[in-house]
Amino acid sequence: ILDPFSKRFGKNSWWITQLSFVLAAQATYPVDTIRKRAIISPVRDIIGTTTARSIWNQDGLAGFYVGSELNFVRIVISVTIAKLFDFLYEKY
């Protein structure tokens, strides 16, 4: 999605990388929430439908995004460290 922006603003625009990783992490966070809760659930739920239904019934849509703020911070820090490493690798 962000490839046309990277061509327009150049390869070294770090904010495009940040934005793409954060958008991807936020889009897939509900699936990760279902997976984590299915693992700790006492009910054997291989597909995750029972877990997803229970999250929806208890908390609604917001229940799928509980803890996404910390995930956002983790992604921003990870991408910043990776881009810093690339910058230092190119310079030295």
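Everything numeric here is computed off the predicted structure, so don't read it as measured data.

**Things to note about the packing of aromatic side chains**
Okay, step 1: All told, the structure shown has 2 aromatic pairs when counted by the stated rule.
Okay, step 2: Here the aromatic rings of W56 and F64 are separated by 6.4 Å at their centres, their planes lie at 35°, and the arrangement is tilted.
Okay, step 3: What makes F64 buried here is its relative accessible area of 10%.

**Focus on the environment of Y65**
Okay, step 1: Within the secondary structure, Y65 is located in the loop between α3 (49–59) and α4 (68–91).
Okay, step 2: Put simply, Y65 and D32 are 33 residues apart on the chain and 9.6 Å apart in space, counted from C-alpha to C-alpha.
Okay, step 3: Setting aside anything within four residues of it in sequence, one finds Y65 in contact with Q26, Y29 and P30.

**Details of α4**
Okay, step 1: Taking 1.5 Å of rise per residue, 24 residues should cover 34 Å, and α4 covers 34 Å from first to last C-alpha, within 8% of that figure.
Okay, step 2: Here α4 has its buried residues at S68, N71, I75 and V79.

Criteria and thresholds
Residues numbered from 1 in each chain as written. Predicted model: local features only at pLDDT ≥ 70, side-chain atom pairs only at ≥ 80, totals over all residues. Heavy atoms only, no water. Phe/Tyr/Trp six-rings, centres within 6.5 Å; stacked < 30°, edge-to-face > 60°. Buried < 20%, exposed > 50% of the residue type's maximum accessible area, 1.4 Å probe, protein only. Helix = DSSP H or I, 4+ residues; strand = E, 2+ residues; numbered from the N terminus. Contact = heavy atoms within 4.5 Å. Expected span 1.5 Å × (residues − 1).

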